[in-house]
Amino acid sequence: MGNALDWNDLRYFLAVARSHGLTEASRVLRVSHSTIARRITALEQSVATELFNKRSDGYYLTGPGKAFFERAEQAEAKLLWLERGGAVPDDEHAGVVRLALPELLGHHVIVPTLMSFFEAYPAIHLELLADVRPMNLSKRQADLLVRLVRPSHGDYLMRRVGSIAMAVYGSPEYLARHGVPRSLADLASHRLIGWDDNLGYLPFSRWLFDAIPDATIALRAHTMSAQLAAVQTSIGLAVLPAVVAKRVGLTRVLTADAIFFSEVWLLQSSESKSVARVRVLADHIAGVLEASAEALMQAE
């Protein structure tokens, strides 16, 4: 072990570890690339260990770097907690957890329950990533993923935590002007809202457009929130989670059997099984979704 650790060096280390490179870390910390690179080198010399594999496509934690990352996050959590006037928390439940969620399910079902979680674990700090696109748990892009598609490969701990009903919805204003479609064939005369081409593989995207390949897609978006907003402003019709669409006053169209059920999966990396802060958040989310199972399945 070399010189005593400098907290600023830990800040640089955490920023690079989370972003996998100097560019995003320099933006977050508002310092130059060269400053961060210099401080990372100083930190590695201080602990006499190579913490990153520095490759052309980014900085990736070594084995010792991953162990150091856990301790650095715990130190960060303690300092944040002390700054807010609290007592030093137990290491086991201190640190940052990155949680990736489908945005509507997250915003409307999971986020409203987090107050009780923070009351139980005040030294855990969450970073929410609202996205349906794939993320790599092994590269620490996220610690926990809630997904509507079961992954076909990867070293994950997987839990099926429910299903969510999805159907075609429109605003009352749109339907009053354009009529209510009663069948898939009727949709040919309506404006539809769908996913952009890069996300066309999603099962709930294919479900509708495989049935009507000649549909008029008036708007494509890469987030479900954007699609919800487009439906609310009467641009057209879209496939949306029923639990959210009903809550905001949208109207389901087509026949009662035109409903898609998407499984909900909770994923975490196998190595995070022993990380207490990740485990307790995973248990909280699983409990929330299991308690909401009936509401998530109802399309009426």
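Each remark here, short or long, concerns the structure printed above.
Residues numbered from 1 in each chain as written. Predicted model: local features only at pLDDT ≥ 70, side-chain atom pairs only at ≥ 80, totals over all residues. Heavy atoms only, no water.

K.L.:
How would you explain empty space enclosed by the protein if you had to name every residue and give the values?
P.N.:
Within the structure shown, the criterion is met by two cavities of 30 Å³ or more. Put simply, the largest cavity is a space of about 50 Å³. Forming the boundary of the largest cavity are 10 residues, of which Pro102, Leu105, Leu148, Met224 and Pro241 lie nearest the centre. Sorting the residues of the lining of the largest cavity by element identifies α5 (103-110) and β6 (156-170) as the ones contributing at least two each. Among the elements that take part in the lining of the largest cavity, α5 stands out by supplying three residues, more than any other. Grouping the constituent residues of the lining of the largest cavity by class yields nine nonpolar, no polar and one charged. In this structure, the second largest cavity spans a volume of roughly 40 Å³. As for the second largest cavity, its lining consists of Ile193, Gly194, Trp195, Phe204, Ser205, Phe209, Gln227 and Val239. (1 Å grid on protein atoms, 1.4 Å probe; cavity = no way out; pocket = protein on both sides within 12 Å on 5 of 7 lines; lining within 4 Å. Points joined across faces, edges and corners; volume = space filled by probe spheres on them. Helix = DSSP H or I, 4+ residues; strand = E, 2+ residues; numbered from the N terminus. Nonpolar A, V, L, I, M, F, W, Y, C, P; charged D, E, K, R; others polar.)

K.L.:
I'd like to hear about the packing of aromatic side chains, residue by residue, with values.
P.N.:
One pass over the structure, following the stated rule, counts seven aromatic pairs. Ring centres of phenylalanine 117 and phenylalanine 118 lie 6.0 Å apart, and the angle between their planes is 65°; on these two criteria the pair is classed as edge-to-face. Under the relative-accessibility criterion, phenylalanine 117 is labelled buried at 2%. Exposure remark for phenylalanine 118: the relative accessible area of 31% places this residue in the partly exposed category. Taken together, Phe13, Phe52, Tyr59, Phe68 and Phe69 form an aromatic cluster joined through their ring pairs. (Phe/Tyr/Trp six-rings, centres within 6.5 Å; stacked < 30°, edge-to-face > 60°. Buried < 20%, exposed > 50% of the residue type's maximum accessible area, 1.4 Å probe, protein only.)

K.L.:
Would you mind going over helix α9 (residues 224-232) in detail, with residue names and values included?
P.N.:
Looking only at α9, the buried set comprises Met224, Gln227, Leu228, Ala230 and Val231. An end-on view of α9 places all buried positions within 160° of arc, on one side of the element. Measuring from the side-chain oxygen of the N-cap residue of α9 to the backbone nitrogen of alanine 226 gives 3.1 Å; that N-cap residue is threonine 223. Just past α9, the residue serine 234 takes up positive phi, approximately 70°. (Arc of directions from axis to C-beta. Polar contact = N/O pair within 3.5 Å; in protein donor to acceptor, adjacent residues only side chain to side chain.)

K.L.:
A description of the environment of leucine 240 should follow, citing residues and the corresponding values.
P.N.:
Position of leucine 240 relative to the elements: it lies in strand β9 (residues 237-241). On the basis of relative accessibility, which here comes to 1%, the residue leucine 240 falls in the buried class. When the C-alpha positions of leucine 240 and glycine 170 are compared, they lie 9.6 Å apart, and in sequence the two are 70 residues distant.

K.L.:
So what's going on with helix α11 (residues 276-291)? Which residues, and what values?
P.N.:
Taking 1.5 Å as the rise per residue, α11 with 16 residues should run 22 Å; its terminal C-alpha atoms sit 22 Å apart, in good agreement. Burial in α11 covers these residues: Ala276, Arg277, Val278, Val280, Leu281, Ala282, His284, Ile285, Ala286, Val288 and Leu289. (Expected span 1.5 Å × (residues − 1).)

K.L.:
Outline the nonpolar core, listing residues and values.
P.N.:
By size, the foremost hydrophobic cluster in this structure holds 64 residues, and its most contacted members are Leu105, Val146, Leu240, Ile285 and Leu289. The element best represented in this core is α11, accounting for eight residues. Counting residues in each nonpolar core, the second largest holds 21 residues, with Leu14, Ala17, Phe52 and Tyr59 among its members. (Core = buried A, V, L, I, M, F, W, Y, C linked by side-chain atoms within 4.5 Å.)

K.L.:
Tell me about the environment of histidine 178, and please be specific about residues and values.
P.N.:
Along the chain, histidine 178 turns up in helix α7 (residues 172-178). Sequence separation between histidine 178 and arginine 191 is 13 residues; the distance between their C-alpha atoms is 9.5 Å. In contact with histidine 178, not counting residues within four places along its chain, are His190 and Arg191. (Contact = heavy atoms within 4.5 Å.)

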